[in-house]
Amino acid sequence: MNLDIFMADNVERLPDKEVVISERFKVDDEPVKWKFRPISAEQSDQLMEKAMRFDNNGNFDFDPIVFAKLLTAESIVYPDLKNASLQDSYGVTSPEELLTVMLYSGEYAKASKTAQEINQVNDLDTLAGEVKNE
């Protein structure tokens with residue numbers, strides 16, 4: 001078999017997804033679409049590590065809520081949540097904080113759902129169980 005099809009230059013990249021997350025952000029009276037991208041398995045692993053917490057017994061525990069926040073922030077390409085001026089305008093210091101301050105609850109839920117869909121994360125509770133069993 002020819003391994004050329006697996007070479008990085010020959011692999012199709014999954015498309016980004018543009019979604020109106022909120023009707024509140026407009027240009028010329030039109031809602032602005034936010035741009036989401038899928039992240040690599042390596043990036044996902046790094047986010048999972050950040051979502052691990054020690055419990056009172058010194059054991060690791062995976063927090064799916066923290067993971068969802070990290071995944072959502074990492075998946076958003078536009079607006080640039082890492083932009084210092086944008087963060088400063090909301091008085092925050094991280095992309096995750098920015099999302100939770102700039103969006104209303106339903107808007108945040110839509111952004112989180114979009115990030116999970118584009119990354120094919122179907123069930124965070126199942127993912128949490130898998131992480132605990134590794």
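Here's what I pulled together on the structure shown here. (Residues numbered from 1 in each chain as written. Predicted model: local features only at pLDDT ≥ 70, side-chain atom pairs only at ≥ 80, totals over all residues. Heavy atoms only, no water.)

**A closer look at the packing of helix 2 (residues 64-75) against helix 4 (residues 95-102)**
- Where helix 2 meets helix 4, the closest approach of the two axes is 9 Å, and the angle between their N-to-C directions is 95°. In terms of orientation, helix 2 lies roughly perpendicular with respect to helix 4. The residues of helix 4 that touch helix 2, namely those facing Lys 69, Leu 70, Thr 72 and Ala 73, are Pro 95, Glu 96, Leu 99 and Thr 100.
- Of the residues assigned to the contact of helix 2 with helix 4, the class counts are four nonpolar, two polar and two charged. (Axes fitted to C-alpha atoms, helices over the stretch in contact; angles between N-to-C directions. Helix = DSSP H or I, 4+ residues; strand = E, 2+ residues; numbered from the N terminus. Parallel < 35°, antiparallel > 145°, perpendicular 65-115°, else oblique. Contact = heavy atoms within 4.5 Å. Nonpolar A, V, L, I, M, F, W, Y, C, P; charged D, E, K, R; others polar.)

**Some thoughts on the packing of aromatic side chains**
- Applying the stated criterion across every chain yields a total of two aromatic pairs.
- Their ring planes at 50° and their centres at 5.7 Å tell us that Phe 62 and Phe 67 sit as a pair that is tilted.
- Residue classification places Phe 62 among the buried positions, given a relative accessible area of 3%.
- Over the aromatic face of Tyr 104 sits the side chain of Arg 24, whose NZ or CZ is 4.1 Å from the ring centroid. (Phe/Tyr/Trp six-rings, centres within 6.5 Å; stacked < 30°, edge-to-face > 60°. Buried < 20%, exposed > 50% of the residue type's maximum accessible area, 1.4 Å probe, protein only. Lys NZ or Arg CZ within 6 Å of the ring centre and 35° of its normal.)

**Examining unusual backbone geometry**
- Cis geometry marks the peptide bond from Tyr 78 to Pro 79; its omega dihedral reads 5°.
- Within the secondary structure, Pro 79 is located in the loop between strand 7 (76-78) and helix 3 (84-90).
- In this model, Asp 28 sits at a positive phi of 55°, which is unusual for a non-glycine residue.
- In this structure, Gln 120 is a non-glycine residue whose phi angle is positive, near 55°.
- Here Gln 120 is to be found in the loop between helix 5 (105-118) and helix 6 (124-133).

**Some remarks on the nonpolar core**
- Counting residues in each nonpolar core, the largest one holds 17 residues, and the members touching the most others are Ile 21, Trp 34, Phe 36, Leu 81, Leu 99, Met 102 and Leu 103.
- When residues of this core are traced back to their parent elements, those giving at least two are strand 4 (33-36), helix 4 and helix 5.
- Per-element tally for this core: the top contributor is helix 5, with four residues.
- Among all residues touching Met 102, those that are not within four sequence positions of it are Arg 24, Phe 25, Trp 34, Leu 81, Tyr 90 and Glu 107. (Core = buried A, V, L, I, M, F, W, Y, C linked by side-chain atoms within 4.5 Å.)

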